[in-house]
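Structure assessment
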Amino acid sequence: MKRVRALKNLSLQSKIFAYGALFVTAIALLIGASFYFTMSESIEQQIGNRALNIAVTTANRPDVIVGFANEDPSIVLQPIAETVRELSGAEYVVIGNDEGIRYAHPVPERIGQKMVGDDNERALINGDSYISEATGTLGPALRGKAPVKNEYGEIVGIISVGFLKDEISHTFFEYVDSIVIIVVLAIILGVIGSTILARSIKKVLFNLEPAEIAQLFTERNSLIESVREGIIMVDQEARISMMNQAAYETLSLPEDIPLIGRHIEEVLPNTLLPKVLLTGEKQFDRTMEIRGKKAIVNRIPILVGKEVVGAVSSFRLQSDFDQLTTELSQVKQYTEALRAQTHEYKNFLYTISGLIQLNSLDEALYLIHDETQEHQSLIQFVTKRLQDPYLGGLVIGLFNRARELKVRFILDEDSLLQNLPKHLEKSLFVSIIGNLVTNAFEAIEHLAESDRMVRLFIHDNGQEILLEVEDSGSGLSPDLQDFIFKSRISTKDGHDRGYGLVKVAKNIRDLNGVVTIENGDLGGALFVISIPKGGFST
């Protein structure tokens, strides 16, 4: 158990080295053992065949056949057997008669005795020549047996040529050193190869451990899914390799549609990712139309060294940025309203301070009473007519801004609105009113103070919510009325203008409302907006 735990705690490089070295060692030992046993069987087979060939050759010698006819066969056959033994290298060459009585033997004292081993029957009875293993007087041996036949074909004796098993084993061991050297060299080469492989894999994996790779993979997936931008990654062949949830939502595609592995142009025909793969050029904040919706897209190549191995694109709908712009605009309007209110109250306090220093206490009290009464009257009127706190707060802020700009801001006395329906986004109403009134303030800022007037009308008739914003400016020409909501057009000087009315038009469309522009009674432009309370325009 301790060894298993220690192996688990090893680094990736050490594990690859250890497993590689163990595997190569096991294979080398297995091959060495297999080679040894295969070679042993081959040598044994060769020695057996050699013994058999010697026995057959000796049995067919004429002098051996003639020797059997001699009155004392041993005198003739013993020298022949010893000569064959010495020339062939066999351990013994034994010649016996048809009853297995020895006529020749390496140990002369054993001549005349019966042959040992009980393996002569096939040769003496059947006349077969064969190889056998048996234990004789000299020990276990591999023998070649052949019958001796006279001129009439009768079996008159047997030749037994033997090689002792101990001597064969010594022959095997002569090759063991070579096998061991080969196995050791194979193991050394395997260890070196395992070392090189381990370092190479470690380098490819940026020297990270498996646990670190798994953690990075988990963090990468969590990070990609947490991003609100759509992300698509492609490989070298421009096939999709990864998409996050935001990408499916932006593309308006169900999650069960398999997109991984498909060519990017099948999903986004107008994409420029294939170009990024070819050129390696980074593209930032490019506009693109995705399924009829405008989006802001970034594209960057994925590099390994200097080679482009893929590309990744992140994108987000233009409407999301517009929404952020609207929210920032609203915050800016609230900030301006508060700043204006603060500025007015500072002036008011300075005036009171001056009156008190001049000992004009009655005038100071009258000014305080008048200001308090006017402020309370405004709050009561707004609170009574506009019960929604969002719109009420906006209107009070616009009143303060108008006072700072020396503009007469009128909330139509017929205005009436309780709470806005829950399904209608309040921020859109705030944006519409804030942008239109702010534009009206700017449209009359060049006029004399006595001529600066802006009227706001908000009314809920039960079926729809009506909004009217009118100013005393010079109005809009008929040519501009057709385009002012469609593109960035402004009647004022300076750059970075024309966003407000475009945003107003979009917010009205989001509320399923309609807008018309007329010439108002004050002499300037009159914007009339109708927003159905049911969420559908009539």
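Before reading on, note that the structure itself is shown above.
Described in the following lines is the structure provided in the data block. (Residues numbered from 1 in each chain as written. Predicted model: local features only at pLDDT ≥ 70, side-chain atom pairs only at ≥ 80, totals over all residues. Heavy atoms only, no water.)

Across the sheet, 5 strands lie side by side as 2-1-5-4-3; this open sheet has antiparallel pairing. Each edge of the open sheet carries a strand with a single partner, namely strand 2 (102–104) and strand 3 (130–136). Put simply, the sheet's adjacent strands are angled 35 degrees from each other on average, direction ignored. Note: strand 3 against strand 4 (residues 139–149), 7 bridges, orientation antiparallel. Directly across from S132, in strand 4, lies its bridge partner R143. (Pairing = 2+ DSSP bridges. Helix = DSSP H or I, 4+ residues; strand = E, 2+ residues; numbered from the N terminus. Axes fitted to C-alpha atoms, helices over the stretch in contact; angles between N-to-C directions.)

Packing of helix 3 (residues 62–69) against helix 4 (residues 73–88) brings their axes to within 7 Å, and their N-to-C directions diverge by 155 degrees. Classified by the interaxial angle, the pair formed by helix 3 and helix 4 is roughly antiparallel. Of the two elements, helix 3 crosses helix 4, and the hand of that crossing is left-handed. The residues of helix 4 that touch helix 3, namely those facing D63, V64, G67 and F68, are P73, V76, L77 and I80. Looking at the contact of helix 3 with helix 4 residue by residue, the class counts come to 6 nonpolar, 1 polar and 1 charged. (Parallel < 35°, antiparallel > 145°, perpendicular 65-115°, else oblique. Left-handed = near helix turned anticlockwise from the far one by under 90°. Contact = heavy atoms within 4.5 Å. Nonpolar A, V, L, I, M, F, W, Y, C, P; charged D, E, K, R; others polar.)

Its 17 residues give helix 13 (residues 389–405) an end-to-end C-alpha distance of 24 Å, which sits within 8% of 24 Å, the value for a rise of 1.5 Å per residue. Of all the positions in helix 13, only L391, G392, L394, V395, I396, G397, L398, F399, N400, A402 and E404 are classed as buried. Where helix 13 ends, the next residue or the one after it, K406, has phi of about 60 degrees, a positive value. (Expected span 1.5 Å × (residues − 1). Buried < 20%, exposed > 50% of the residue type's maximum accessible area, 1.4 Å probe, protein only.)

With 41 residues, the main nonpolar core has F409, F429, I433 and L467 as its most contacted residues. Among the secondary structure elements, those contributing two or more residues to this core are helix 13, strand 11 (408–411), helix 14 (426–443), strand 12 (453–460), strand 13 (464–471), helix 16 (499–510) and strand 15 (525–532). Of all the elements, helix 14 adds the most residues to this core, at 9 residues. Setting aside anything within four residues of it in sequence, one finds F409 in contact with V395, L398, F399, A402, V437, F441, V454 and L456. Counting residues in hydrophobic clusters, the runner-up holds 27 residues, among them M39, A81, V84 and V148. (Core = buried A, V, L, I, M, F, W, Y, C linked by side-chain atoms within 4.5 Å.)

Glancing now at unusual backbone geometry. Positioned with a positive phi, D285 is a non-glycine residue whose angle comes to about 55 degrees. Relative to the elements of secondary structure, D285 occurs in strand 8 (residues 283–290). D285 gets classed as exposed once you look at its relative accessible area, which sits at 57%. Phi angles above zero are rare outside glycine, and N512 is one such case at about 60 degrees. Here N512 is to be found in the loop between helix 16 and strand 14 (514–519).

Under the criterion given, the structure shown has 3 aromatic pairs. Relative to Y103, the ring of F68 lies with its centre 5.5 Å away and its plane at 55 degrees, an arrangement referred to as tilted. Here the residue F68 occupies a position in helix 3, and Y103 occupies one in strand 2, the gap between them amounting to 35 residues. Summarising the burial analysis for this pair, F68 and Y103 share the class buried. For the ring pair F409 and F441, a centre distance of 5.8 Å and an interplane angle of 80 degrees mean the geometry is edge-to-face. Of this pair, F409 sits in strand 11 while F441 is found in helix 14, placing the two residues 32 residues apart along the sequence. (Phe/Tyr/Trp six-rings, centres within 6.5 Å; stacked < 30°, edge-to-face > 60°.)

Glancing now at the sheet that holds strand 7 (residues 240–243). The 5 strands are arranged 7-6-10-9-8 in an open sheet whose pairing can be described as antiparallel. With one partner strand each, in any of the chains shown, strand 7 and strand 8 form the two edges of the open sheet. The average undirected angle you get between the axes of adjacent strands in this sheet is 25 degrees. Pairing analysis gives 3 bridges linking strand 6 (residues 230–235) to strand 7, with the strands arranged antiparallel. Residue M233 lies in a different strand from strand 7, and its bridge partner there is M242.

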